[in-house]
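So the chains spell out like this:
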Amino acid sequence: MSDETSTTMLTITTLPLDTSDSGDGDGDDTGCPPGGCLDLEETTGGPGCASGDGTCNQVDLLFIIDNSGTMGEEQVNLSANFPLLIDKLQMLTDKDGELLNPDVHIMVTTTDVGHPQCTQFQIPGYEPAVGSPQSTACSERLEYFTGLGSNPPSFPEACDCPVPIVPSGAPFIEFSGPMGQTTNVPGDDIKGALSCIGPQGIVGCGYEAPLEAMLQSIYTGAEWNSGNKPFLRDGAILAIAVITDEADCSVRSPDGYAYFTDPNLDTYWEVNPDTGTKSQATSAVCWNAGVDCGAPDGNGVYADCMSTDTGVLHPLSRYLNYLQDELIVKDNKEVIMLGILGVPPVTAHNLNPPFEPTAGGVMDLVYRQWRDGAYPAGDILPDDIADSDAATKEFEFGVGPGCTGEDGMGGFTGQAIPPVRVKEVCEALNEGDKIRCCIESICDTDFSDALGCLTGIIQTVVDPPE
């Protein structure tokens with residue numbers, strides 16, 4: 001599900017997290033980009049939800065939404081479930097059935113942190129979010145819901161915002177008290193506000209970088225995490241929801257981009273079947289430079305795939321060090337994550353909180369090469385069968401689909417790439433029998449179970465089971 005001609009421009013702020021050259025790939029020993037480092041603030045620990053004492057009811061919820069050209073149907077799906085999310089948050093109860101009345105912040109950003117391969121396709125007025133809050137009404141940016149090309153996809157229905165409603169006083173939604181009666185949303189229409197600011201359109205860069213967008217969003221020195229009304233609060237639960245159909249492509253800035261733009265650095269490019277040469281960089285670079293699968297068997301299936309550090313993408317330690325060392329250990333903060341990603345649909349969930357998947361999903365994920373032929377015997381969808389084959393798909397993506405989305409009416413919503421890097425970060429948050437990661441399928445026709453798992457984990461943190 002990639003769109004190599006999606007739009008963005010290269011305006012990136014990097015946040016090195018240690019004193020080694022661990023993030024930027026520029027060859028120095030400071031870990032800083034040429035423009036210098038942004039220092040992390042000192043953290044002192046203190047009360048927080050990680051103590052498990054059941055006293056915390058603050059939730060800071062961050063949505064990182066893929067806004068590339070193949071995410072139309074998925075944003076329609078997500079938009080349809082935003083009201084359900086608000087209902088689930090407001091109806092959270094403790095073991096005695098009493099309402100928890102959580103104090104909630106909801107911020108939305110995109111997977112677009114900028115990439116030089118996307119700059120030329122940027123539409124007027126659009127800029128990559130680079131992890132910053134996106135809080136304008138989607139009805140005021142409907143042009144973002146039509147893609148590029150001579151016959152572009154268009155999904156204005158993803159924007160369910162008949163009357164623009166946006167939060168005031170902060171670039172994120174906040175509500176607290178019984179049924180969220182204290183809020184910064186005009187008219188107290190919290191569902192309407194999320195339906196307005198949540199959908200992000202389909203004009204973002206096709207080199208999605210959800211992990212870097214996450215880090216930029218939760219960095220304590222960011223403008224929206226500072227001042228009298230920060231998004232990220234001391235002691236609050238941090239809940240992160242990543243929605244993407246692609247492999248993470250969080251490139252080490254600045255030198256990592258050369259592996260996409262310099263024909264002399266084509267190590268991770270795939271051969272173009274039309275030319276028999278490595279003619280251009282595609283999304284396959286993100287997979288090939290960030291994941292190691294070894295050799296496939298005779299059926300094109302890999303035994304397993306794991307993240308690897310080749311110097312092109314930021315190492316996962318950049319993100320895990322911040323989440324685990326800075327937030328969880330030093331700040332005594334609970335961090336949970338929902339990934340709606342390229343895995344097979346979940347077929348069963350725990351009937352009790354946190355309602356985590358118990359069958360299907362990651363457990364059914366197979367890493368493999370693309371297969372020729374029409375779906376379902378092969379992997380080529382009807383709209384692609386005339387001008388595409390397995391070799392073309394390998395050139396574009398580097399690995400076969402983790403799932404294929406069907407709309408339930410004989411059509412297809414697309415195909416998604418397996419989520420190795422995001423998956424590993426998410427699963428690293430689990431601790432013993434404490435579930436802090438939930439991974440659901442981007443190919444599912446309904447994201448309600450995914451949001452149920454997210455709020456289920458929140459419930460077990462706010463009111464720990466005995």
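Our structure is the block above this text.
Residues numbered from 1 in each chain as written. Predicted model: local features only at pLDDT ≥ 70, side-chain atom pairs only at ≥ 80, totals over all residues. Heavy atoms only, no water.

Draft legend 1. Up close: the sheet that holds strand β8 (residues 335-341). Reading across the sheet, the 7 strands line up as β4-β3-β2-β1-β5-β8-β13 and stay open at both edges, with mixed pairing between neighbours. At either end of the open sheet lies a strand with only one pairing partner, and these are β4 (182-183) and β13 (437-441). Pairing of strand β1 (residues 58-65) with strand β2 (residues 103-110), which is carried by 8 bridges, proceeds in the parallel orientation. Paired with Gln 58 across the bridge in β2 is Asp 103. (Pairing = 2+ DSSP bridges. Helix = DSSP H or I, 4+ residues; strand = E, 2+ residues; numbered from the N terminus.)

Draft legend 2. Just helix α8 (residues 420-427), in detail. Among the 8 residues of α8, 6 are classified as buried, and the element is accordingly described as predominantly covered. Listed in full, the buried residues belonging to α8 are Val 420, Arg 421, Val 422, Lys 423, Val 425 and Cys 426. (Buried < 20%, exposed > 50% of the residue type's maximum accessible area, 1.4 Å probe, protein only.)

Draft legend 3. Focus on the packing of aromatic side chains. As enumerated under the stated definition, the model contains 8 aromatic pairs in all. Relative to Tyr 268, the ring of Tyr 259 has its centre 6.1 Å away and its plane inclined at 50°; by these criteria the two rings are tilted. Here Tyr 259 falls in the partly exposed class, since its relative accessible area comes to 22%. Since its relative accessible area comes to 18%, Tyr 268 is described here as buried. (Phe/Tyr/Trp six-rings, centres within 6.5 Å; stacked < 30°, edge-to-face > 60°.)

Draft legend 4. The arrangement of a nonpolar patch on the surface in detail. A surface patch of nonpolar side chains, about 280 Å² in accessible area, is lined by Met 91, Leu 99 and Met 179. Inspection of the secondary structure assignment puts Leu 99 in the loop between α1 (72-90) and β2. Note on Leu 99: relative accessible area 37%, which makes it partly exposed. (Patch = residues over 30% accessible without salt bridge, like charges linked within 9 Å, V, L, I, M, F, W, Y side chains within 5 Å. Areas by Shrake-Rupley, 256 points an atom, 1.4 Å probe, with all protein chains shown as cover. Salt bridge = Lys/Arg side-chain N within 4 Å of Asp/Glu carboxyl O.)

Draft legend 5. Representation of the pairing of β1. Taken across its 8 residues, β1 has 7 buried, putting it largely inside the fold. Each parallel crossover has a hand, and for β1 linked through α1 to β2 it is right-handed. Where β1 meets strand β5 (residues 237-243), 7 bridges bridge the pair, whose relative direction is parallel. Residue Leu 61 lies in a different strand from β5, and its bridge partner there is Ala 239. (Right-handed = clockwise from strand over helix to strand, strands pointing away.)

Draft legend 6. Representation of the packing of helix α3 (residues 210-218) against helix α6 (residues 317-330) within the structure. At a minimum axis separation of 10 Å, α3 and α6 run at an interaxial angle of 35°. Crossing of α3 over α6 shows left-handed handedness. Together, Leu 211, Glu 212, Met 214, Leu 215, Gln 216 and Ile 218 of α3 and Arg 318, Tyr 319, Tyr 322, Leu 323 and Leu 327 of α6 make up the contact between the two elements. Within the contact of α3 with α6, the residues separate by chemical class into 8 nonpolar, 1 polar and 2 charged. (Axes fitted to C-alpha atoms, helices over the stretch in contact; angles between N-to-C directions. Left-handed = near helix turned anticlockwise from the far one by under 90°. Contact = heavy atoms within 4.5 Å. Nonpolar A, V, L, I, M, F, W, Y, C, P; charged D, E, K, R; others polar.)

Draft legend 7. Expanded view of the environment of Asp 103. In this fold, Asp 103 is placed in strand β2. Spatially, the C-alpha atom of Asp 103 lies 7.9 Å from that of Gly 180, the residues being 77 residues apart in sequence. When residues no more than four places from it in sequence are discounted, the contact partners of Asp 103 are Asn 57, Gln 58, Val 59, Phe 175, Ser 176 and Arg 233. At a separation of 2.9 Å, a polar atom in the side chain of Asp 103 contacts the side chain of Arg 233. (Polar contact = N/O pair within 3.5 Å; in protein donor to acceptor, adjacent residues only side chain to side chain.)

Purely geometric numbers; function is a separate question.
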